[in-house]
Amino acid sequence: MLPLQLWFLVFSSSAVAAQQCLSLADSTACPEFKGYYVSVGDPSFVAFPWLVNVTTVQAFDEGLRVYNTQTRLWLSLGCSSTLPPRYSLTMTCSQAVSGSTTSLPCNLEYNVLPRPVCGWTCHAYSESIKSM
């Protein structure tokens, strides 16, 4: 039986072969994630549906900004404000680069491991949602 690390390596290598990985090096929407990659194109490997049609970092930034300001997203959480919660862009960027079955294999292919968002940011984000 193969060790867990070997299974993960086999899984991530085969996943990357079918994935398109987009560097966020020039992202203006996610500047703190510029060393990471997101999976785009194939619906099986994207973190968000809008990433299926993304081919450039500019399209990524625009899609992310549109997604982040969609009122229905925040209304579904029970928020009364039409403005997105504080740190929502950061949290969405983090989700986009670190999904274990989506973008994580891309990042591992380039020998980077996305760092989690710090606890203080997560707390401020959730408090912002509560205050809406």
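Please read these numbers as outputs of a predicted model, since none were measured by experiment.

Cut-off values and rules
Residues numbered from 1 in each chain as written. Predicted model: local features only at pLDDT ≥ 70, side-chain atom pairs only at ≥ 80, totals over all residues. Heavy atoms only, no water. Disulfide = S-S within 2.5 Å. Helix = DSSP H or I, 4+ residues; strand = E, 2+ residues; numbered from the N terminus. Buried < 20%, exposed > 50% of the residue type's maximum accessible area, 1.4 Å probe, protein only. Axes fitted to C-alpha atoms, helices over the stretch in contact; angles between N-to-C directions. Parallel < 35°, antiparallel > 145°, perpendicular 65-115°, else oblique. Left-handed = near helix turned anticlockwise from the far one by under 90°. Contact = heavy atoms within 4.5 Å. Nonpolar A, V, L, I, M, F, W, Y, C, P; charged D, E, K, R; others polar. Pairing = 2+ DSSP bridges.

Draft legend 1. Spatial organisation of the state of the cysteines. Inspection of the entire model under this criterion finds 2 disulfides. With a sulfur-sulfur separation of 2.0 Å, Cys 21 is cross-linked through a disulfide to Cys 106. Residues Cys 21 and Cys 106 share a disulfide whose torsion about the S-S bond is about -80°; that sign makes it left-handed. Here Cys 106 lies in helix H5 (residues 104–109) and Cys 21 lies in strand E1 (residues 20–23), a separation of 85 residues in the sequence. Under the relative-accessibility criterion, Cys 21 is labelled partly exposed at 24%. Here Cys 30 is linked by a disulfide to Cys 93, with a sulfur-sulfur distance of 1.8 Å.

Draft legend 2. How the structure looks around the packing of helix H2 (residues 57–68) against helix H4 (residues 88–98). At their nearest, the axes of H2 and H4 sit 10 Å apart, and the two run at 125° to each other. Compared by their axis directions, H2 and H4 come out oblique. As H2 runs across H4, the sense of the crossing is right-handed. Contacts between H2 and H4 pair Phe 60, Leu 64, Tyr 67 and Asn 68 from the former with Ser 88, Leu 89, Thr 92, Cys 93 and Ala 96 from the latter. In terms of residue class, the contact of H2 with H4 is made up of 6 nonpolar, 3 polar and no charged.

Draft legend 3. The pairing of strand E2 (residues 37–40), seen in detail. The alternating pattern of E2 places Tyr 37 and Ser 39 on one face and Val 38 and Val 40 on the opposite face, and all of these are buried. Relative to E2, E1 is paired through 4 bridges, and the arrangement is antiparallel. Across the sheet, Cys 21 pairs through a bridge with Ser 39, a residue of E2.

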